[in-house]
Amino acid sequence: MANYKIQVNNKNYEVDVDSDTPLLWVLRDNLGLVGTKYSCGISQCGACTVHLNDAAVRSCGLPIASVGDAKITTIEGLSDSGDHPVQQAWKEVDVAQCGYCQAGQIMTAAAMLKNNPSPTEEEVIEGMNANLCRCGTYHRIKEAVLLASSKIK
């Protein structure tokens, strides 16, 4: 076990965990931030997506020892009151069905729009392609990302 100092959602934490503990489990088990979901466990589905220095990363395969002094943002820290443009668009379009993948979808979309605030429909499809939705709400996800883009402009 080792002591790691991390910054999550603009707060500083110290956690005593094994160096190979995935960030996902530190967030959920040590910090109680359960908005980030576990699904596949092999960094393939995107349910566990968080931001690491504003870049979307899969937290289930990222060992805590690799985080360093990076700034981590989870779905709980994306906005104080759920008013991030992506979150607003998600509600307006009524994207969620079961909702399980939605935190990861939202975090991926927010990172994508930070880098490209005016994506084309094709860029949205490509940017969101690696996030899986078991309910198949891909059309509504695309619609919400494009709506969020218009809110950011």
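Residues numbered from 1 in each chain as written. Predicted model: local features only at pLDDT ≥ 70, side-chain atom pairs only at ≥ 80, totals over all residues. Heavy atoms only, no water.

**A look at the overall build of the protein chain**
The helix and strand tally for the protein chain stands at 5 helices and 5 strands. The linear arrangement of helices and strands in the protein chain, starting from the amino end, is β-β-α-β-β-β-α-α-α-α. With respect to the principal axes defined by its C-alpha atoms, the protein chain has extents near 45 × 30 × 25 Å. Within the protein chain, the proportion of its 153 residues that are buried is 45%. Here the protein chain displays about 7800 Å² of accessible surface, and carbon together with sulfur accounts for 47% of that area. Charged side chains of the protein chain number 13 positive and 17 negative; the gap between the two group centres comes to 4 Å. (Helix = DSSP H or I, 4+ residues; strand = E, 2+ residues; numbered from the N terminus. Buried < 20%, exposed > 50% of the residue type's maximum accessible area, 1.4 Å probe, protein only. Areas by Shrake-Rupley, 256 points an atom, 1.4 Å probe, with all protein chains shown as cover. Lys, Arg positive; Asp, Glu negative; His and termini not counted. Charge placed at Lys NZ, Arg CZ, Asp CG, Glu CD.)

**Remarks on the nonpolar core**
Counting residues in each nonpolar core, the largest one holds 22 residues, and the members touching the most others are Val86, Trp90, Met128, Ile141 and Val145. Sorting elements by how many residues they give to this core places helix α3 (residues 102–115) first, with 7 residues. Those residues in contact with Ile141, other than ones at most four positions away along the chain, are Trp90, Val95, Gln105, Met128 and Cys133. Core analysis: the second largest hydrophobic core is formed by 17 residues, Val17, Leu27, Leu52 and Val67 among them. (Core = buried A, V, L, I, M, F, W, Y, C linked by side-chain atoms within 4.5 Å. Contact = heavy atoms within 4.5 Å.)

**Considering the sheet that holds strand β4 (residues 55–58)**
An order of β2-β1-β5-β3-β4 is seen for the 5 strands of this open sheet, with the pairing classed as mixed. A strand with exactly one partner marks an edge of an open sheet, and here the two such strands are β2 (11–17) and β4. Averaged over all neighbouring strand pairs, the angle between strand axes comes to 40°, with direction disregarded. Bridge count between strand β3 (residues 49–52) and strand β5 (residues 71–73): 2 bridges; the pairing is antiparallel. Along β5, the bridge assignment pairs His51 with Thr73. Those strands touched by helix α1 (residues 23–30) are β1 (2–8), β2, β3 and β5, and its axis lies near 105° from that of β2. Its contacts with the sheet place α3 against β3, β4 and β5, and it is angled at close to 35° to β3. (Pairing = 2+ DSSP bridges. Axes fitted to C-alpha atoms, helices over the stretch in contact; angles between N-to-C directions.)

**Considerations on the layout of surface pockets**
Volume-wise, the largest pocket comes out at about 220 Å³. Lining the largest pocket are 13 residues, and of these His51, Asp54, Leu78, His84 and Lys114 sit closest to its centre. Secondary structure elements with two or more residues in the lining of the largest pocket: β5 and α3. Top element by residues in the lining of the largest pocket is α3. It accounts for 4 residues. Residue classes in the lining of the largest pocket are distributed as 5 nonpolar, 5 polar and 3 charged. (1 Å grid on protein atoms, 1.4 Å probe; cavity = no way out; pocket = protein on both sides within 12 Å on 5 of 7 lines; lining within 4 Å. Points joined across faces, edges and corners; volume = space filled by probe spheres on them. Nonpolar A, V, L, I, M, F, W, Y, C, P; charged D, E, K, R; others polar.)

**Brief notes about helix α5 (residues 138–152)**
Over its 15 residues, α5 extends 21 Å from the first C-alpha to the last, a length consistent with the 21 Å expected when each residue adds 1.5 Å. Among the residues making up α5, those that are buried are Ile141, Lys142, Ala144, Val145, Ala148 and Ser149. Projected down its long axis, α5 shows its buried positions confined to an angular sector of 165°, all on one face. On its buried side, α5 packs onto α2 (85–93), α3 and α4 (121–128). (Expected span 1.5 Å × (residues − 1). Arc of directions from axis to C-beta.)

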